[in-house]
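What follows is each chain in one-letter form.
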Amino acid sequence: MHLGLDYYHLGRWDDAAQLAVEGHTLCADHDYRFYAWYFHYIQAVVAAARGDAETSAALTEEIARWATPRGAHGAQFFAGHARALAALGDGDPEAAYQHACALGAPGTVTPYVTIAMWGAMDLVEAALRTGRNEEAAAHASAMRASAMAELSSRLELMVLACEDCAGGGDGDFGIGTRLSPKGAAGALRLLPVNTVAPHSIGITRSICH
């Protein structure tokens, strides 16, 4: 599960999708129904990132169909993240904003909901694209206050990108010069897979997602 997700974040989407298929097959063969939704999630975000909103929607619907009657809120949160990402890729920022807000209100990085950190950039981007500049700035500030930037170089890049795009950075978009030493070292691991262009949140997400 975690290796597939790591491949997704590194941009190795073919590998992530293949591992998700293998994982889902194992779940079916051994009746591990609880874990199946997680592999659906990996497939859904890969499809969303590739612009295949229809496939992503079918996968998130499958997650919701299993999770809702069981009160599996964690699985529902993950489905919401995939839906937000798919809506952004499909050119529907209003829908993306609503899905992203389901993970936590603007200005709050919901405690104990890991996916709220991963979906924070989606909320900021959707807010900006729908003219909710104050909400975008509030969420970027909340990301900084949550100390999530200290957890990994990817999250640090995400926080810096959101601060700049929401108007809370220093305005020169020199994200690379403001990374911590740990963050700069970690960013090098991502560079062979993705192109960094921090002046655009839509392109910067290629390194953060």
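Here the structure is a predicted model, which means the values were calculated and not measured. (Residues numbered from 1 in each chain as written. Predicted model: local features only at pLDDT ≥ 70, side-chain atom pairs only at ≥ 80, totals over all residues. Heavy atoms only, no water.)

Side note on the overall build of the protein
How we decide: Runs of H or I in DSSP of at least four residues are treated as helices and runs of E of at least two as strands, each being numbered from the N terminus. Categorising residues by exposure relies on relative accessible area from a 1.4 Å probe, with only protein chains included: less than 20% of the type maximum marks a residue as buried, more than 50% marks it as exposed, and the intermediate range marks it as partly exposed. Two residues form a contact once any of their heavy atoms are found within 4.5 Å. Here the Shrake-Rupley method, with its probe set to 1.4 Å, supplies the accessible areas, and only the displayed protein chains count as covering residues.
Helices and strands together make up the secondary structure of the protein, namely 13 helices and zero strands. Reading the helices (α) and strands (β) of the protein from amino to carboxyl end gives α-α-α-α-α-α-α-α-α-α-α-α-α. Residues counted as buried form 47% of the 209 residues belonging to the protein. If you take every contact in the protein between residues at least 6 apart in sequence, the share linking residues at least 24 apart comes to 55%. As displayed, the protein offers around 9900 Å² of accessible surface, 56% of which is attributable to carbon and sulfur atoms.

A closer look at empty space enclosed by the protein
This is how it is decided: Using a grid of 1 Å spacing that covers the protein atoms alone, one calls a set of points a cavity when a 1.4 Å probe fits there but cannot get out, and a pocket when the set is open and has protein on both sides within 12 Å along at least five of seven lines; lining residues are those with an atom within 4 Å of a point. Grid points are joined across faces, edges and corners, and a volume is the space filled by probe spheres set on the points. Residues are grouped as follows: Ala, Val, Leu, Ile, Met, Phe, Trp, Tyr, Cys and Pro are nonpolar; Asp, Glu, Lys and Arg are charged; all remaining types, including Gly, are polar.
In the structure shown here, the tally under the stated rule is one cavity of 30 Å³ or more. Taken as a whole, the largest cavity holds about 40 Å³ of empty space. Along the walls of the largest cavity sit Ala100, Leu103, Gly104, Thr108, Ala116, Gly119, Ala120, Leu123 and His139, which together make up its complete lining. Among the residues forming the lining of the largest cavity, the class breakdown is five nonpolar, four polar and no charged.

With respect to the environment of Met117
By the element assignment, Met117 lies in helix α7 (residues 114–118). The exposure class assigned to Met117 is buried, which follows from its relative accessible area of 17%. For the pair Met117 and Ser146, spaced 29 residues apart in sequence, the C-alpha separation works out to 9.3 Å.

A closer look at the packing of helix α3 (residues 33–49) against helix α5 (residues 73–89)
The criterion, for reference: Lines fitted to C-alpha atoms define the axes, with helix axes restricted to the stretch in contact, and inter-axis angles between N-to-C directions lie between 0 and 180 degrees. When an angle is under 35 degrees it counts as roughly parallel; over 145 it counts as roughly antiparallel; between 65 and 115 it counts as roughly perpendicular; any other value is oblique.
Their axes nearest at 8 Å, the elements α3 and α5 cross at an angle of 10 degrees. Classified by the interaxial angle, the pair formed by α3 and α5 is roughly parallel. Seen from α3, the contacting residues are Trp37, Tyr38, Tyr41, Ala44, Val45, Ala48 and Ala49; seen from α5, they are Ala75, Phe78, His81, Ala82, Leu85 and Ala86. Residue classes in the contact of α3 with α5 are distributed as 12 nonpolar, one polar and no charged.

Re helix α1 (residues 2–9)
Of all the positions in α1, only Gly4, Leu5, Tyr7, Tyr8 and His9 are classed as buried. Looking one or two residues beyond α1, the residue adopting positive phi is Gly11, at roughly 85 degrees.

Things to note about the packing of α5 against helix α6 (residues 93–101)
Let me state the cut-off plainly: In this scheme the crossing of two helices becomes right-handed for a clockwise turn of the near helix relative to the far one and left-handed for an anticlockwise turn of less than a right angle.
Running from N to C, α5 and α6 point in directions that differ by 165 degrees, and their axes come no closer than 7 Å. If you check the angle between α5 and α6, you find them roughly antiparallel. Like other packed secondary-structure pairs, α5 and α6 cross with a definite hand, here left-handed. Seen from α5, the contacting residues are Gly80, Arg83, Ala84, Ala87 and Leu88; seen from α6, they are Pro93, Ala95, Ala96, His99 and Ala100. Across the contact of α5 with α6, the residue classes tally to seven nonpolar, two polar and one charged.

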